[in-house]
Amino acid sequence: MDAQTIERWKDSVAFERSRTAAPDGFPAMPDIPGGRYWEPEFFVLEREALFKRGWVYVGHTDQLPEPGSFIVWRRTGTPILVIRGTDGQIRTFYNTCRHRGAPVMQQEAGKTGRHFSCGYHGWTYDTTGALTAVTDPRDWVNLNLSCRSLVPVRCDLLGNWIYVCEDADTPSLEHFLEPIARYFRHLPLHDLRLLHPRSGAGRGHYKGGVGNFLEGD
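Throughout what follows, the structure given in this document is the object of discussion. (Residues numbered from 1 in each chain as written. Predicted model: local features only at pLDDT ≥ 70, side-chain atom pairs only at ≥ 80, totals over all residues. Heavy atoms only, no water.)

1. Brief notes about the sheet that holds strand S7 (residues 124-126)
If you walk across this open sheet you meet the three strands as S6-S7-S8, and the pairing is antiparallel. The sheet terminates laterally at strand S6 (115-117) and strand S8 (131-133), the two strands that pair on one side only. Along the sheet, successive strands turn relative to each other by an average axial angle of 40°, direction set aside. Note that S7 and S8 share two bridges and pair antiparallel. Note on S8: the bridge partner recorded for Thr 124 is Ala 133. (Pairing = 2+ DSSP bridges. Helix = DSSP H or I, 4+ residues; strand = E, 2+ residues; numbered from the N terminus. Axes fitted to C-alpha atoms, helices over the stretch in contact; angles between N-to-C directions.)

2. Overview of unusual backbone geometry
Of the consecutive residues Glu 178 and Pro 179, the connecting peptide bond is found in the cis state with omega at 0°. Inspection of the secondary structure assignment puts Pro 179 in the loop between helix H3 (173-177) and helix H4 (180-184). For Asn 142, which is not glycine, the phi dihedral falls at a positive 60°. Position of Asn 142 relative to the elements: it lies in the loop between S8 and strand S9 (154-158). Judged by its relative accessible area of 77%, Asn 142 falls in the exposed class. (Buried < 20%, exposed > 50% of the residue type's maximum accessible area, 1.4 Å probe, protein only.)

3. Regarding the pattern of salt bridges
Charged atoms that come close allow side chains of opposite charge to pair. Within this structure, the stated rule accounts for eight salt bridges. With its nearest N and O atoms 3.2 Å apart, the salt bridge here joins Lys 52 to Glu 166. Taken as a pair, Lys 52 in the loop between helix H2 (40-51) and strand S1 (56-60) and Glu 166 in the loop between strand S10 (161-165) and H3 lie far apart in primary sequence, 114 residues in all. Residue Arg 91 is joined to Asp 87 by a salt bridge in which the shortest nitrogen-to-oxygen separation is 2.7 Å. The exposure class assigned to Arg 91 is buried, which follows from its relative accessible area of 17%. (Salt bridge = Lys/Arg side-chain N within 4 Å of Asp/Glu carboxyl O.)

4. Brief notes about the sheet that holds S1
Sheet architecture is open: three strands sit in the order S1-S10-S9, paired in antiparallel fashion. One side of each edge strand has no neighbouring strand; the edge strands of this open sheet are S1 and S9. Across the sheet, the axes of successive neighbouring strands diverge by a mean angle of 35°, strand direction being ignored.

5. Observations regarding the state of the cysteines
If you walk through the whole model with that rule in mind, you get zero disulfides. In this structure Cys 147 is not part of a disulfide, and its nearest cysteine sulfur, from Cys 97, lies 15 Å away. (Disulfide = S-S within 2.5 Å.)

6. Considering the environment of Arg 84
Here Arg 84 lies in strand S3 (residues 80-84). Taking the C-alpha atoms as reference points, Arg 84 and Arg 193, separated by 109 residues in sequence, lie 17 Å from one another. Beyond its immediate sequence surroundings of up to four residues, Arg 84 is in contact with Thr 61, Leu 64, Pro 65, Glu 66, Pro 67, Gly 68, Ser 69, Gln 89, Ile 90 and Thr 127. A distance of 2.5 Å separates a polar side-chain atom of Arg 84 from the backbone oxygen of Leu 64. (Contact = heavy atoms within 4.5 Å. Polar contact = N/O pair within 3.5 Å; in protein donor to acceptor, adjacent residues only side chain to side chain.)

7. What to know about the environment of Arg 19
Mapping Arg 19 onto the fold places it in the loop between helix H1 (3-18) and H2. Side chain to side chain, Arg 19 and Glu 16 meet in a polar contact 2.9 Å long. At 2.9 Å, the side chain of Arg 19 and the backbone oxygen of Ala 21 are in polar contact.

8. Looking at a nonpolar patch on the surface
Judged by side-chain polarity, Phe 43, Tyr 206, Val 210, Phe 213 and Leu 214 come together as a nonpolar surface patch covering roughly 510 Å² of accessible area. Looking at the nonpolar patch, the element that brings in the most residues is helix H5 (residues 206-213), giving three residues. Note that Leu 214 resides in the segment after H5. In this structure Leu 214 comes out as partly exposed when scored by relative accessible area, which is 46%. (Patch = residues over 30% accessible without salt bridge, like charges linked within 9 Å, V, L, I, M, F, W, Y side chains within 5 Å. Areas by Shrake-Rupley, 256 points an atom, 1.4 Å probe, with all protein chains shown as cover.)

In structure tokens, the structure reads:
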């Protein structure tokens, strides 16, 4: 972080502490319609237009400590397989077999070997998502295995944080996270460790919690 950025932040903090009213020219903001928090149709729009078209955090690399380690992530409504390959690289695919569409991984997390098979009809893939074997290959005339790999999902890392994006036209993760990513570059992000993941379900809209945490904004 350069000295100019530090001074700009200090000036912003000093301004916020000193002001007694909204900044000059700040527009009058209408109340948010209540339906934005409970209408199922609006949530569907958010999921399709925001979550499926943006980069979304799915986990930490410590959740995939060894080759073959995997998690299945479902927050956008479509199950995504996040797996560390035998080459150490993390890849993401839709957790859908290319034969009958059954889930390839039945568990939410675990560790597989160099290959894993769909439990429905035994189509087998390696950790790069490539189809390597099918049941009764003699019955599959002219089947090109290379054309039936698991369908990939875009994946990228910020430090040890794993992100996915289901939209091919969305800019890169680095571009998507600017300017935040630029401010993080001086931090030792690769040294951050995952100590204890915790999650829970609540009866309510996700924006209720997010909005409260962002009240200062």
